[in-house]
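Read off the chains here:
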Amino acid sequence: MIATSPFILTELTESNILLITINRPDKLNALNRKTIDDLHEVLVEAEQNKEVRVVIIKGAGDKAFVAGADIAEFANYSVEEGKQMSSQGHFKIFNFLENFSKPTIAAINGFALGGGLELALACHIRVATDASKLGFPEVGLGVIPGYGGTQRLAHMVGKGKAFEMILTGEMINAQEAYKWGLVNYVVSKEELMPKCIEISKKISTKSPTAIAAAIRSINAGYNSQLNGYEVEIEEFGKSFGTEDFKEGVSAFLEKRKPNFQGN
Ligand code: COA
């Protein structure tokens, strides 16, 4: 059982997929401090729970994924509080999700703005509905993206488009986001969760140890402190010491489906 709070609803499916819903629909699921804290708690638990193989994050209601950080909450922050908000967010959610050992999928059902787009960018895979709008409106409020947006957006779409999106503050539609590689798929509203679950099911039958190693290796290439190739060599080598590797190879040779335990 994974903890649930009023702002963060959870459901663990039979196929080991954890569905997380950001639940503040009357505020378009804006991320206030409590939502960030509760989401962090759920993610920590999900990371440790072997039953969870994939995490899907969506927003409650049919209007927004997440419309950003809660503007009303940070309206009177000082310089120090602003810095704290950003660093705590990185630590609790955004870096945490990017480095999560299990794949994370953002199911973008409407507005993904500011912190909402940053949340989607911190996930490993993004699926959007054709009615979704994505953008970084922060400069219109006199701030900049502070949950990794200036970095992850440029990694995802290139520096030129990142400059355009962040400096104009304009939203783009889902088709344009797809064209720029910002989302993996664009589907209808009805197809959103089935598509995310279809992707999750493909992943959930694979080796959790190999999946975690692949995530570490891909991320290493975007970390200026690390050499991605060296990390890949290490992770590749370590795979040979896992039970999952023995199981995967045995299953192939015995012409049966593998049953990975994640060890
Ligand atoms: N923080 C706090 N509250 C937010 C919010 C945010 N980021 N985004 C939306 N809300 C609230 C609105 O204040 C409103 O609350 P109210 O009913 O108590 O007045 C409610 O959510 C519905 O939003 P509303 O603006 O009435 O919906 P809309 O359809 O007219 O506009 C948006 C939708 C997304 C265009 C608009 O809400 C918006 O621009 N939100 C802010 C986006 C943003 O700047 N995000 C980055 C923050 S750093």
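As a starting point, this report considers the structure included with it. All figures in this text were calculated on a predicted structure; none of them were measured in a lab. (Residues numbered from 1 in each chain as written. Predicted model: local features only at pLDDT ≥ 70, side-chain atom pairs only at ≥ 80, totals over all residues. Heavy atoms only, no water.)

1. Let's talk about the side chain of Lys92
On the secondary structure map, Lys92 appears in helix α3 (residues 79-98). Leave out the neighbours within four places in its chain, and Lys92 touches Ile36, Asp37 and His40. (Helix = DSSP H or I, 4+ residues; strand = E, 2+ residues; numbered from the N terminus. Contact = heavy atoms within 4.5 Å.)

2. Looking at the sheet that holds strand β7 (residues 125-129)
Within the open sheet, the six strands sit side by side as β1-β2-β3-β5-β7-β10. Their pairing is mixed. For this open sheet the edge positions go to β1 (8-12) and β10 (185-187), each flanked by a neighbour on one side alone. Going across the sheet, the axis of each strand differs from the next one's by a mean of 20°, ignoring polarity. Alignment of β7 against β10, held across three bridges, turns out to be parallel. Looking at the pairing, Val127 lines up with Tyr185 of β10. Of the strands in this sheet, β1 and β2 (17-22) are in contact with helix α1 (residues 33-48), which crosses β2 at around 175°. Against the sheet, helix α4 (residues 115-122) contacts β2, β3 (54-59), β5 (104-108) and β7, and its axis sits at roughly 140° relative to β5. (Pairing = 2+ DSSP bridges. Axes fitted to C-alpha atoms, helices over the stretch in contact; angles between N-to-C directions.)

3. Overview of the pairing of β5
In terms of residue burial, β5 counts as a mostly covered element, since five of its five residues are buried. Judged by which residues are buried, β5 turns out to be covered on both faces: Thr104, Ala106 and Ile108 on one side and Ile105 and Ala107 on the other are all buried. In terms of strand pairing, β3 meets β5 through four bridges, oriented parallel. In the strand pairing of β5, Ile56 is matched with Ile105. Bridge count for β5 against β7 is four bridges, and the pairing is parallel. (Buried < 20%, exposed > 50% of the residue type's maximum accessible area, 1.4 Å probe, protein only.)

4. Some details on the layout of surface pockets
If you roll a probe as big as a water molecule over the atoms, it shows you where there is empty space left. Space inside the largest pocket adds up to approximately 770 Å³. The wall of the largest pocket is formed by 27 residues, among which Glu98, His124, Ile218, Asn219 and Tyr222 lie closest to the centre. Of all the secondary structure elements, the ones that give two or more residues to the lining of the largest pocket are α3, α4, β7, α5 (149-157) and α9 (208-220). Sort the elements by how many residues they give to the lining of the largest pocket and α9 lands first, with seven residues. Residues that form the lining of the largest pocket fall into these classes: 14 nonpolar, nine polar and four charged. Shared between two domains, the lining of the largest pocket holds at least three residues of each, these being domain 1 (8-204) and domain 2 (208-253). By volume, the second largest pocket is sized at about 450 Å³. If you go around the second largest pocket, you meet 21 residues; those closest to its centre are Phe74, Met85, Glu138, Val143 and Ile144. Within the residue set of the lining of the second largest pocket, elements represented by two or more residues are α2 (71-74), α3 and α4. When grouped by side-chain class, the residues that make up the lining of the second largest pocket number 12 nonpolar, seven polar and two charged. (1 Å grid on protein atoms, 1.4 Å probe; cavity = no way out; pocket = protein on both sides within 12 Å on 5 of 7 lines; lining within 4 Å. Points joined across faces, edges and corners; volume = space filled by probe spheres on them. Nonpolar A, V, L, I, M, F, W, Y, C, P; charged D, E, K, R; others polar. Domains from an automatic or database assignment.)

5. Side note on the site of the ligand
Taken together, the neighbourhood of the ligand is formed by 15 residues, with Lys27, Lys63, Ala67, Ala69 and Ile71 sitting nearest. A distance of 2.6 Å is found between an oxygen atom of the ligand and a side-chain nitrogen or oxygen belonging to Lys63. Here Ala69 contributes a backbone N or O atom positioned 2.9 Å from a nitrogen atom of the ligand. Those elements that place two or more of their residues in the shell around the ligand are α2 and β6 (111-113). Looking at side-chain class alone, the shell around the ligand contains 10 nonpolar, no polar and five charged residues. (Near = heavy atom within 4 Å. Polar contact = N/O pair within 3.5 Å; in protein donor to acceptor, adjacent residues only side chain to side chain.)

6. Brief notes about α3
Under the 1.5 Å per step criterion, the end-to-end length of α3 is 26 Å for 20 residues, consistent within 8% with the ideal 28 Å. Along α3, the helix axis deviates most sharply at His90, where the bend reaches about 50°. In this structure, the buried side of α3 is in contact with α1, β3, β5, α4 and α5. (Expected span 1.5 Å × (residues − 1). Bend = angle between axes of the 7 residues up to and from the residue.)

7. Comments concerning the sheet that holds β6
Strand order in the open sheet formed by four strands is β4-β6-β8-β9, and the pairing between neighbours is mixed. Edge strands, defined here as strands with exactly one partner in the open sheet, are β4 (64-66) and β9 (172-173).

8. Observations regarding the pattern of salt bridges
Taken as a whole, this structure holds 13 salt bridges when the rule is applied. Between Asp38 and Lys34 there is a salt bridge, with its nearest N and O atoms 3.0 Å apart. Placement of both Asp38 and Lys34 in helix α1 is noted, with a separation of four residues, approximately one turn of the helix. For Asp38, a relative accessible area of 7% puts it in the buried group. Residue class for Lys34 comes out partly exposed when judged on its relative accessible area of 45%. (Salt bridge = Lys/Arg side-chain N within 4 Å of Asp/Glu carboxyl O.)

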